[in-house]
Amino acid sequence: MIARVTLDLTLRKEFDYLIPPEFEEEVKVGTRVKVPFATRKVLGSVTALAEESPHTNLRPILKVIGRQALLTLNVLQLARWMADYYCCPLEIALKSVLPDAVRKEQKGWKERLFVRVVPWQATMPKVTKRQQQVLDIITARKEMPLQELLQLADTTSGTVRRLEDAGLLTIAAQIAERDPYANEVILPTQALALNPDQKVAVEQIIKAMDSPGEKPASFLLHGVTGSGKTEVYLQAIAYALEQGKGAIVLVPEISLTPQTVERFKARFTSGPQKTLVAVLHSHLSAGERHDEWHKIRQGRARIVIGARSAVFAPVDPVGLIIVDEEHEHSYKQEEAPRYHARDVAVMRGQIEGAVVVLGSATPSLESFYNAQKGKYGLLQMLSRADDKNLPLIRVVDMRNEARKGKGIPIFSEVLRNAITSRLEKKEQVMLFLNRRGYASSLQCPKCGYVAGCPNCSIALTYHRRIEKLCCHICGHSDNAPAVCPEPTCRNPAIRHAGLGTERVEETLFKLFPQARVERMDSDALKRKDDLPRILGDFRVGKIDVLVGTQMIAKGLHFPNVTLVGIIYADLSLHLPDFRSGERTFQLLTQVSGRAGRGDVEGEVIVQSFTPFHSAIQFARRHDFAGFYEQELEFREQLKYPPVSRAAMLTVRGRNEDKVKLSIEHLKRELEKELADWKDLIIAGPAPSPLLRAETYYRYQIMLRTRQMAKLSQHLANIPDGVKLPEDILLTVDIDPVNLF
Ligand code: ADP
Ligand code: ZN
């Protein structure tokens, strides 16, 4: 037999190798192998088997990695689809599918020496007092890692070895699983009685699981915040387990809090459907990731909950795939392969015959459109599970506030009073602003100087705590100057403009000195335990006001939060992106959903300079349908997604003129090749909204069509067909979500 191997090097082809007799049993499609390549030894995946090869002098496979094929056939098929659709080499697709910690051979299971007592014997040999102390410790625990015993007994391994020689205990290597949640105690939960909406949703999902192959097998679960979507997921998963199938649950990275994970673990820690729940996210160590992944591959964990890349988890067979907060942009990977985990989930569902549930309080236009067209089944839960009201949302016109006093205040009178009154009642407040740092720029009012990034076309953000100016694109940081750095100006009255979460926090300290305030954004979360600490403190009431970026916008469930304040609702509204209205509507709705999840009715105060913008007004009225209808009309007119599909071609280089010439050349070539394509729109070239990033100038062309799979085939050929200078980089992004 011949093995066709896709190497970990990006060579865009498979290579044939002989399978030596000693590996004949083990080598299957999906097996990881080490093979000779030129003068090197290279890792790769067997992606096909063949009887014969057109090549002669084949070399044999050197080594098989792992006891099991790492790729299932279905996941391999998914990787092939991804390579085609997202225009990337199969090698790159496979890299995403298998995490590094699994693909590379070094990270094996961690073996540790364990000490175990040998059961009681008739004739107890004589031991010294010191040895007896060691024996007492281990007898009390029956078994423990050698290292821990040495520490606890303050002894040497020589002493323990002598006890082993005397037959009183054994020392043996044993796999020690790295469990990221090892020290948690989780109380089991029972299924809740379902309200009618939830019941219908679960029934529909179960029905689809019972009749594989029938359409539609994907659902959009549109449930307002607090409508009990998680309970629906849990009951659907329980059914999948009953059928002997597993489940994948995707949540956005920032929602992957211990609180979320616990809700899933709690339901399946006992009972007939008992299983391990594996967790995959980017904060695991390589060792932890290796162990979690193999728990799934071995079938010991039949549920996996994770961020984007968990869509590739080796659950086999899969009965159900859930994508929670399906509208989240973080499901899109911003490097090759530029896949969208929601769309990959739907494709995986088709390949595996699994049911896919996309859940959201604010569905993406794409998913709602698909539901309207009948591609997905639509399940709606439009009231809160426990009949609590959605919070009352008030919009404050900040233009009036600005007229009242000097300058633009951070807190309107309405918001200030509301915070005061909530604090008096010992209730909690969340304040949201989608920008971290202290000030959005440092400006000189005299000469107009603005501190900019040397690498990017963007102003530097001032961070007061560390006294630095930082670029939020490339990470560049500078000391903040005390005077205007323009040699001819040197104005000492240089000042901060705009605001970020740090400044909101500081102003709170001044206005409400008695309140306990904490900030939650990526600056405040430096260490691994910062997030659980802040969330824990907020939960037990040690924090009165939590200020944060979109990190606090979703998934969090704190019943004592009765007031949510949105400092500037306009920040995401005026970006040059056709989704800016949708984004703003989603953010406002999600943040608002944090209020009033307990017994006291919730209140939301939205501060805005464009209070009558439709995204703000529809959010105020909790009117998704209204927003959808209006937004779709605008997309129809301009043939933007979801009415069509988009592909973004970006050309980058350090020399702006060369970038311009290259993209113009590219456009001409595309026009030639795609001349008789009817529904194709080629827009651009135009400078990217962020013209320069990380020292590279960027220009873009946006293509729009309904037939993206067909267009992808053409775009995949550009690297061969269109000659671009060597120092010019081209990226192809299918279904882009980030237009910058
Ligand atoms: P969502 O994910 O839709 O925002 P959650 O699943 O977090 O909503 O549910 C919100 C709250 O309602 C949770 O405290 C949950 O325990 C509760 N809940 C869900 N379903 C029911 C039910 N059928 N009966 C009573 N409470 C429920
Ligand atoms: Zn920069």
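Sequence positions are assigned chain by chain, starting from 1 and proceeding in written order. Just so you know, chain letters begin at A and ligand numbers begin at 1, following the order they were written in. Restriction of local features to residues with pLDDT of at least 70 applies here, the model being predicted, together with a cutoff of 80 or more for giving and counting side-chain atom pairs; totals for whole chains, interfaces and linings are based on all residues. Only hydrogens and water are removed before side-chain values are computed, so all heavy atoms of the structure are retained for them.

Where helices are involved, their axes are fitted lines through C-alpha atoms of the stretch in contact, as for all axes, and angles between N-to-C directions lie from 0 to 180°. Under the DSSP-based scheme used, a helix requires at least four consecutive residues in state H or I and a strand at least two consecutive residues in state E, with every element numbered from the N terminus. Interhelical geometry of helix 17 (residues 580-592) versus helix 19 (residues 624-638) gives an angle of 170 degrees and a closest axis separation of 11 Å. Of the possible angle classes, the one that applies to helix 17 and helix 19 is roughly antiparallel. Contact with helix 17, carried on its side by G581, E582 and F585, involves F624, F627, E631 and R635 of helix 19 and no other residues of that element. Each residue receives one of three labels: charged for Asp, Glu, Lys and Arg, nonpolar for Ala, Val, Leu, Ile, Met, Phe, Trp, Tyr, Cys and Pro, and polar for the others, Gly being one of them. Of the residues in the contact of helix 17 with helix 19, the class split is 3 nonpolar, 1 polar and 3 charged. Under this scheme an angle from 65 to 115 degrees is roughly perpendicular, one under 35 degrees roughly parallel, and one over 145 degrees roughly antiparallel; angles in between are oblique. Here, two residues are considered to be in contact whenever any of their heavy atoms come within 4.5 Å of each other.

As a measure of interface size, the accessible area lost when the parts come together is often cited. Assigned domains within the protein: domain 1 (2-103), domain 2 (111-175), domain 3 (196-387), domain 4 (392-435 + 500-633), domain 5 (439-498) and domain 6 (645-734). Here the limits of each domain have been adopted from an automatic or database domain assignment. Using only C-alpha atoms to locate each centre, domain 4 and domain 6 end up separated by 39 Å.

Right, let's get into the environment of V102. By the element assignment, V102 lies in helix 3 (residues 100-103). Judged by its relative accessible area of 4%, V102 falls in the buried class. In sequence terms V102 and S309 are 207 residues apart; their C-alpha atoms lie 13 Å from each other. To sort residues, take the accessible area from a 1.4 Å probe on protein chains only and compare it with the maximum for the residue type: under 20% means buried, over 50% means exposed, and anything in between is partly exposed.

A few words now on the coordination of the zinc ion (ligand 2). Coordinating donors are taken as N, O and S atoms within 2.8 Å of the metal, stretched to 3.2 Å for Na, K and Ca; because water is absent from the atoms, sites can appear incomplete. All of the protein donors around the zinc ion (ligand 2) are C453 (SG), C456 (SG), C471 (SG) and C474 (SG); their distances to the metal are 2.3 to 2.4 Å. Because the angles between the 4 donor atoms bound to the zinc ion (ligand 2) fall within 105 to 112 degrees, the donor set is best described as tetrahedral. All donor residues of the zinc ion (ligand 2) come from one chain, and their arrangement in sequence is C-x2-C-x14-C-x2-C. Here the residue C456 occupies a position in the loop between strand 18 (441-443) and strand 19 (461-463), and C471 occupies one in the loop between strand 20 (468-470) and strand 21 (477-479), the gap between them amounting to 15 residues. For the pair shown, C456 and C471 are each scored as buried. Geometry assignment treats four donors as tetrahedral when all angles are between 85 and 135 degrees, treats four as square planar and six as octahedral when opposite donors are over 155 degrees apart and all others between 65 and 115, and treats everything else as irregular.

What follows deals with the sheet that holds strand 11 (residues 276-280). Only strands joined by at least two bridges in the DSSP assignment are considered to pair. Strand order in this open sheet of 7 strands is 11-12-10-13-14-9-15, and the pairing throughout is parallel. Since the sheet does not close on itself, it has two edges, and those belong to strand 11 and strand 15 (377-381), each with one partner. Pairs of neighbouring strands in the sheet enclose a mean axial angle of 20 degrees, with direction left out of account. Examined bridge by bridge, strand 11 and strand 12 (residues 301-306) share 5 bridges and lie parallel to one another.

Attention now goes to the environment of V115. In this fold, V115 is placed in strand 6 (residues 111-117). Judged by its relative accessible area of 0%, V115 falls in the buried class. As a C-alpha pair, V115 and T170 span 55 residues in sequence and 5.7 Å in three-dimensional space. Here V115 is in contact with I138, K142, E143, M144, L146, L149, V160, L169, T170 and I171, once residues within four sequence places are set aside.

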